[in-house]
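# Remarks on the overall topology
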Amino acid sequence: MPAPAGSTSDTPPTTRSAAPARVRRTVFVDGVRTPFGRARPDGLYAHTRADDLAVATVRELLRRHPQLPPERIDEVAIAATTQTGDQGLTLGRTVGVLAGLPRTVPGYAIDRMCAGGMTAVTTVAGAIGVGAADVVLAGGVEHMGRHPMGFDADPNPRFVSERLVANDALNMGVTAENLHDRFPALTRERADAFGVASQAKYAAALAAGRIEPDLVPVATRDPERGWGIATADEPPRPGTTMAGVAGLATPFRPGGRVTAATSAPLTDGAASCLLAAEDSAAELGLPVRMRMVTFAYAGVEPEIMGIGPVPATRRALARAGLTIDDIGLFELNEAFAVQVLAFLDAYGIADDDPRVNPYGGAIAVGHPLASSGVRLMTQLARQFAEHPEVRYGLTSMCVGLGQGGTVVWENPHHADYVPTNDPEVEL
């Protein structure tokens with residue numbers, strides 16, 4: 001008789017084992033970032049190399065954790081959206097070498113546009129999970145002053161000629177305007193209020209000493225002013241008011257709703273973090289600031305890319321066996337105010353919910369694309385320490401060309417957190 005489809009006559013079809021999957025637990029040890037600078041000719045980092053920004057963050061992590069032998073680092077993954085010039089040449093490897101890691105430590109570059117740093121983290125976490133790595137460095141860098149998003153890119157003409165995406169899908173500001181169109185409840189007034197609140201929350205966090213501990217001072221050079229040192233974020237505009245933003249222009253559409261006050265400014269900066277298997281962290285005496293529960297990415301229509309965090313979060317929560325009500329802290333990237341508001345409406349969360357971006361967000365501090373995901377994680381880890389009553393939090397962001405990414409984290413300071421001595425636990 002003929003063999004069943006998909007098999008050969010002498011090889012029986014294979015069946016998938018019903019045994020539960022097993023994975024090592026990944027923990028977030030620490031994260032740091034450079035001060036963020038405005039991407040312009042007179043910005044903080046106008047004359048500073050992108051790879052040097054990433055090197056500064058890696059060196060700081062090593063300095064903060066002298067108990068970690070550098071040769072125990074198994075991988076360095078550094079993301080950048082525009083991988084050219086000083087953001088090219090396999091960043092993970094070059095940054096590792098420049099930071100003084102042993103030549104035996106490998107590295108690579110990664111790109112998922114705005115979620116590059118987030119993807120670097122989840123990718124190396126997968127390596128930890130299957131036992132291919134014990135300790136890893138992951139991060140992202142973007143020098144948007146030198147390498148604007150999409151600079152020198154050559155999108156395939158089929159995208160438009162075959163109507164695979166809308167004509168305006170490659171302009172992020174226009175996709176934000178499209179969200180306003182798609183959801184009329186997302187008004188300009190709400191977006192303005194959210195942008196003003198982001199500035200105010202960042203200013204309050206800065207005054208309370210919650211921002212500076214994660215910053216790495218960076219030496220800078222200017223041909224006219226000489227050497228200096230960057231110690232503070234450049235983009236924030238403290239004192240922003242509703243009256244002050246009401247008359248701002250809408251650069252992406254005449255009579256539109258998206259303004260400079262409701263968009264993340266173009267930014268230069270880098271962020272990196274140290275992750276480890278939970279048992280390896282215990283062995284090496286490394287702190288555990290949070291544990292990765294799960295993560296998910298999802299695709300959406302590119303012309304409304306800002307909605308991406310909604311399905312990504314739905315997937316991540318389902319994988320974790322949680323609901324949105326289990327999440328006590330949210331770090332949502334503020335590429336545009338309307339994008340965060342769309343997420344909040346989808347999950348029935350108030351615009352001013354104190355769980356959302358307690359330190360403000362990218363509208364205030366900036367969004368150096370591939371580095372922002374690690375900034376979100378670093379801030380969430382600090383908030384976990386401040387709020388031991390919160391067990392779960394998440395970091396989420398939209399991604400250009402129609403994607404979203406979400407990572408769910410557990411707070412090790414919560415009373416119900418149980419560290420395991422077994423390097424493998426059932427999923």
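Residues numbered from 1 in each chain as written. Predicted model: local features only at pLDDT ≥ 70, side-chain atom pairs only at ≥ 80, totals over all residues. Heavy atoms only, no water.

It is worth spelling out helix 2 (residues 91-98) at this point. Of the positions making up helix 2, those classed as buried are Leu91, Gly92, Val95 and Gly96. The arc that holds every buried residue of helix 2, seen down its axis, measures 125 degrees, which confines them to one face. Against helix 1 (50-64), strand 4 (75-79), strand 5 (107-110) and strand 6 (135-143) lie the buried residues of helix 2. Gly100 sits one or two positions beyond helix 2 and adopts a positive phi of about 90 degrees. (Buried < 20%, exposed > 50% of the residue type's maximum accessible area, 1.4 Å probe, protein only. Helix = DSSP H or I, 4+ residues; strand = E, 2+ residues; numbered from the N terminus. Arc of directions from axis to C-beta. Contact = heavy atoms within 4.5 Å.)

Here we take up the nonpolar core. Among the nonpolar cores identified, the biggest contains 39 residues, and Phe28, Val121, Leu275, Met290, Met377 and Trp409 are the most heavily contacted of them. Of all the secondary-structure elements, those providing two or more residues to this core are strand 4, helix 3 (116-129), strand 6, strand 9 (267-277), strand 10 (290-299), helix 12 (372-386), strand 12 (392-399) and strand 13 (403-410). Counting 37 residues, the second largest nonpolar core, distinct from the first, contains Leu186, Ala337, Leu341 and Cys398. (Core = buried A, V, L, I, M, F, W, Y, C linked by side-chain atoms within 4.5 Å.)

Quick look at the UniProt feature "active site" (unreviewed entry) in the chain now. Here, UniProt's "active site" (unreviewed entry) annotation points to Cys114, His367 and Cys398. Taken along the chain, the residues just named run across 285 residues; in space they keep tight, none of their C-alpha pairs more than 11.9 Å apart. Locating Cys114 in the fold gives a position in the loop between strand 5 and helix 3. Accessibility expressed as a relative area gives 6% for Cys114, which makes it buried. Not counting residues up to four positions away in its chain, the partners in contact with Cys114 are Thr81, His367, Leu369, Ala370, Met397, Cys398 and Val399. Topologically, Cys398 is positioned in strand 12. For Cys398, a relative accessible area of 1% translates into the label buried. The residues touching Cys398, leaving out its near neighbours within four places in the chain, are Cys114, Met305, Gly306, Pro309, Ala335, Gln339, Gln403 and Gly404. (UniProt positions renumbered as here; feature names shortened; annotations may be inferred.)

All right, on to the confidence of the model for the chain then. In this model, the chain carries a mean pLDDT of 92, and residues with pLDDT of at least 70 account for 93%. Under a pLDDT of 50 for its full length, residues 1-20 has, in the predicted model, four contacts with residues more than four places off or in other chains. (pLDDT = per-residue confidence, 0-100.)

At a minimum axis separation of 5 Å, helix 3 and helix 12 run at an interaxial angle of 70 degrees. Classed by the angle they form, the pair helix 3 and helix 12 counts as roughly perpendicular. Between helix 3, through Gly117, Met118 and Val121, and helix 12, the contact on the second element is made entirely by Gly373, Val374 and Met377. Among the residues forming the contact of helix 3 with helix 12, the class breakdown is four nonpolar, two polar and no charged. (Axes fitted to C-alpha atoms, helices over the stretch in contact; angles between N-to-C directions. Parallel < 35°, antiparallel > 145°, perpendicular 65-115°, else oblique. Nonpolar A, V, L, I, M, F, W, Y, C, P; charged D, E, K, R; others polar.)

What follows is about the state of the cysteines. Scanning the model with the defined rule gives zero disulfides in all. Left without a disulfide partner, Cys114 is nearest to the cysteine sulfur of Cys398, which lies 6.0 Å away. (Disulfide = S-S within 2.5 Å.)

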